Amino acid sequence: MKNLDLKEIKERALKIRKQYHQLEIKHHGREWTVEKDALAFLTDAGLVGRYTMSQQGTWLKPNTDAELKHKLGECIWWLTVLADRMDIDINESVEDFLTKTEQLLEE
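Residues numbered from 1 in each chain as written. Predicted model: local features only at pLDDT ≥ 70, side-chain atom pairs only at ≥ 80, totals over all residues. Heavy atoms only, no water.

(A) Highlighting unusual backbone geometry. Notably, Asp 87 is not glycine yet its phi reads approximately 55°, a positive angle. Mapping Asp 87 onto the fold places it in the loop between helix H3 (65-85) and helix H4 (90-106). (Helix = DSSP H or I, 4+ residues; strand = E, 2+ residues; numbered from the N terminus.)

See below:
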């Protein structure tokens, strides 16, 4: 399995999102709004919590490792899409966060 960089993740994520927009237009007559994308992300983030509980043995639903792996990837996809739709550079956002946090922890 190859390692992806944020640039490739973004390119592939946006291509997939465009395909989903076409499905939304076909089935609902219009694309989802940014707010609907954010709600979809939050739903998936909530499932990460549930699947984590399963993996850690505190939610009695077995065999959720595959779902957890999928939802973690999907959450990264959603964050990439949301950043782009709100004109935020995801690379810059992650770099700024990491730098600020590293500096905070070095104090």
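(B) Quick peek at the environment of Ala 40. One can find Ala 40 in helix H2 (residues 34-55). Residues Ala 40 and Ala 13 lie 27 residues apart in sequence; the distance between their C-alpha atoms is 15 Å. In this structure Ala 40 touches Trp 32 and Trp 78, once residues within four positions along its chain are discounted. (Contact = heavy atoms within 4.5 Å.)

(C) Fine view of the packing of aromatic side chains. This structure, assessed with the given rule, holds three aromatic pairs. Judged by centre distance (4.5 Å) and plane angle (55°), the rings of Trp 77 and Trp 78 are tilted. A relative accessible area of 5% means that Trp 78 is categorised as buried. Put simply, the rings of Tyr 20, Trp 32, Trp 77 and Trp 78 touch in pairs and so form one group of aromatic residues. (Phe/Tyr/Trp six-rings, centres within 6.5 Å; stacked < 30°, edge-to-face > 60°. Buried < 20%, exposed > 50% of the residue type's maximum accessible area, 1.4 Å probe, protein only.)

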